[in-house]
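# Analysis of the macromolecular model
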Amino acid sequence: MSGPSDTHDHGHHHDHHHDHDHLHPYDPDHHHPHRPDQDDTMTYYKVMETAVRELLIEKGLITAEQVHRQIEHMDARTPANGARIVARAWVDPDYKKRLIESPKQAIAEIGHDIGPMHLIVLENTPEVHNVVVCTLCSCYPRWILGLPPDWYKSRAYRSRVVREPRTVLREFGTEIAENREVRVHDSTADMRYFVLPMRPEGTEGMSEDELAAMVGRDAMIGVVEAGAGGAGQLAAE
Amino acid sequence: MDRNFTARGNHDMGGLDGGEINRDEHDYALWEKRIDAMMMLLTNKLQIMTVDQLRKGIEALPPDAYENMTYYERWIASVTNTLLDEGVITADELATKMSAIEAEASEVG
Amino acid sequence: MARYSVGDKVKVRAAFPPTPPTHVRTPHYIRGCVGTIERICGEFGNPEELAFGRRYGPKSMLYRVRFRQADVWSGYDGAAEDHIEIEIYEFWLEPAERENAA
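The shown structure was predicted, so the numbers you read here are calculated from the model rather than taken from an experiment.

Glancing now at the overall build of chain B. Within chain B, the secondary structure is distributed over five helices and zero strands. For chain B, the N- to C-terminal ordering of α and β elements is α-α-α-α-α. Relative to a compact globule of 109 residues, whose C-alpha radius of gyration would be 13 Å, chain B shows 17 Å and is clearly more extended. Within chain B, the fraction of its 109 residues that count as buried is 40%.

If you want it as structure tokens, here you go:
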């Protein structure tokens, strides 16, 4: 092996720029032949990512371990978190009230920390169906739901859902009655949005776990309702 | 001279025509997650840059960036531009490092 | 300290700073529209300044403003009671005398 990227301070972890399904645990003595991705070449931007990361590590600004931990931190955020919150709100009306009034505290009650996120919980009702978008970029309640799906960030969704929400909802299989308000929320600044879908009919007596399983990510974005549509996107995906 | 004083940024897409929404999803690759992670560290932990700088950098990309670059490619391009703006890295450091990485990658092909 | 209260009618300024190089978080489609203050979100750093790394300036008041979709889009084909709600900074708003003021 040769090249400047192989010379580094003793004890300084050198991350690798080929992709695995895992990151190596912090181990300063661990070396590895550099290989391109098995599935893909080292594209220009992958080279750039590697270069920036290695430079930041060499300058002592970040460590590979911090990157690793941050990835794990985000990986732990999945729609299942949101589904648990919804299920609790369905079974406990006082919890639902607290959730809407003080989301950070209410979510902390069930052991989830939303960090610096300013959250607004949007309750779907027989009068109002809420749907969320970020037309300007991709703002999303990451600290609860994890990373957003590609379609949420797409030109087609961002451009169309503000102007023709009912048509877009229909494409997701969701029909909202004409006498019910469709309310679009464009996440343009510091707030992040979480839709609390309506509890499906015929679910009386179900456990919180059973209820949570009916709440998929897309129901918490607002493009589908929980149950019939939401069950197609299970919380554990 | 023809000037459009109401021109909008390419990112400012609300209300424009959009076509069919493609519902295909992809699992985030590790390199993409690393970019996301680095952004969190640079903004929340180190406060070397702001998320607004990231957004502005993406908005400043060429008009075809939305067609020809993937989401995290746009992110890393913007992060790199911002780090250069802020003097965290220099052009020479970046060039040297990128050449070395490319050279190693092709060596082992 | 907030200039506007919940329920106030406001108009989004019809200003179009060249973007880029500016960074603006008031979407193009809402400029010039009249809506109602839905809530006061509080004071936050001004994104138009934060975008240049200037993080220590004065904060700006942020609101959520509610608009009738029919007032935003000509030929809106949803329901009459459909609305859109957007977060807008105070410096992008001015008082509106009445709904649908030109």
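Before going further, it helps to examine the overall build of chain C. A tally of regular secondary structure across chain C gives two helices and five strands. Mapped from its N terminus to its C terminus, chain C presents α and β elements in the order β-β-α-β-α-β-β. The C-alpha atoms of chain C give 14 Å as radius of gyration, which agrees with the globular expectation for 102 residues (13 Å, within 12%). Dimensions of chain C, computed from C-alpha atoms along their principal axes, come out at roughly 45 × 30 × 20 Å. Expressed as a percentage of the 102 residues in chain C, the buried residues total 37%.

Now for the interface of chain C and chain A. Accessible area lost when the parts come together is the quantity often used to give the size of an interface. At the junction of the two partners, chain C supplies 19 residues and chain A supplies 18 residues. Of all the secondary-structure elements, those providing two or more residues to the side of chain C that touches chain A are β2 (34–44) and β4 (83–89) of chain C. For the side of chain C that touches chain A, the element with the highest residue contribution is β4 of chain C, accounting for six residues. Residue composition of the side of chain C that touches chain A, by class: eleven nonpolar, two polar and six charged. Here strand β3 (residues 181–186) of chain A pairs with β4 of chain C via four bridges, running parallel. The residue of β4 of chain C that forms the bridge with R183 of chain A is H83 of chain C.

Across the boundary between the two partners, chain B contributes 52 residues, which contact 50 residues of chain A. Elements with a contribution of two residues or more to the side of chain B that touches chain A: α1 (30–45), α4 (71–85) and α5 (91–107) of chain B. The element contributing the most residues to the side of chain B that touches chain A is α5 of chain B, with eleven residues.

Residues and elements named next belong to chain A. The buried fraction of strand β4 (residues 191–196) amounts to six of the six residues, a majority that puts the element mostly inside the structure. Taking every second residue as pointing to the same face, both faces of β4 are buried, with M191, Y193 and V195 on one and R192, F194 and L196 on the other. In this sheet, β4 lies alongside strand β1 (residues 118–123) in parallel orientation, the contact comprising six bridges. Counted as the bridge partner of L119 is R192 from β4.

Turning our attention to the confidence of the model for chain C. Mean pLDDT over chain C: 94, with 95% of residues reaching 70 or higher. If you check the scores for this complex, the pTM reads 0.88 and the ipTM reads 0.95.

Turning next to α4 of chain B. Over its 15 residues, α4 of chain B runs 21 Å from end to end, which matches the ideal 21 Å to within 8%, given 1.5 Å per residue. Here α4 of chain B lies mainly inside the structure; twelve of its 15 residues are buried. Those residues of α4 of chain B hidden inside the fold are in contact with α1 (44–58) of chain A together with α1, α2 (51–59) and α3 (65–68) of chain B. Of the residues flanking the end of α4 of chain B, it is G87 of chain B, one or two places downstream, whose phi is positive at about 75°.

We now examine the nonpolar core. Formed by 69 residues in total, the largest nonpolar core has its most connected members in V86, F194, V195 and V215 of chain A together with I88 of chain C. Once residues within four sequence positions are removed from consideration, I88 of chain C is found in contact with V12, T26, Y63, V65 and L93 of chain C. In terms of nonpolar packing, the next biggest core, distinct from the first, is built from 31 residues, M42 of chain A together with M38, L42 and L83 of chain B among them.

That bond from T19 of chain C to P20 of chain C is cis: its omega, -10°, falls within 30 degrees of zero. Among the structural elements, P20 of chain C can be located in the loop between β1 (9–12) and β2. For the bond from P20 of chain C to P21 of chain C, the omega torsion is 15°, close enough to zero to count as cis. Mapped onto the elements, P21 of chain C comes out in the loop between β1 and β2. Despite not being glycine, Q47 of chain B has its phi angle at roughly 50°, a positive value.

About the cut-offs
- Residues numbered from 1 in each chain as written.
- Chains lettered and ligands numbered in written order.
- Predicted model: local features only at pLDDT ≥ 70, side-chain atom pairs only at ≥ 80, totals over all residues.
- Helix = DSSP H or I, 4+ residues; strand = E, 2+ residues; numbered from the N terminus.
- Rg over C-alpha atoms; globule rule 2.2 N^0.38 Å.
- Buried ≥ 20, exposed ≤ 12 C-beta atoms within 10 Å, placed from the backbone.
- Contact = placed C-beta atoms within 7 Å.
- Nonpolar A, V, L, I, M, F, W, Y, C, P; charged D, E, K, R; others polar.
- Pairing = 2+ DSSP bridges.
- pLDDT = per-residue confidence, 0-100.
- Expected span 1.5 Å × (residues − 1).
- Core = buried A, V, L, I, M, F, W, Y, C linked by C-beta atoms within 7 Å.

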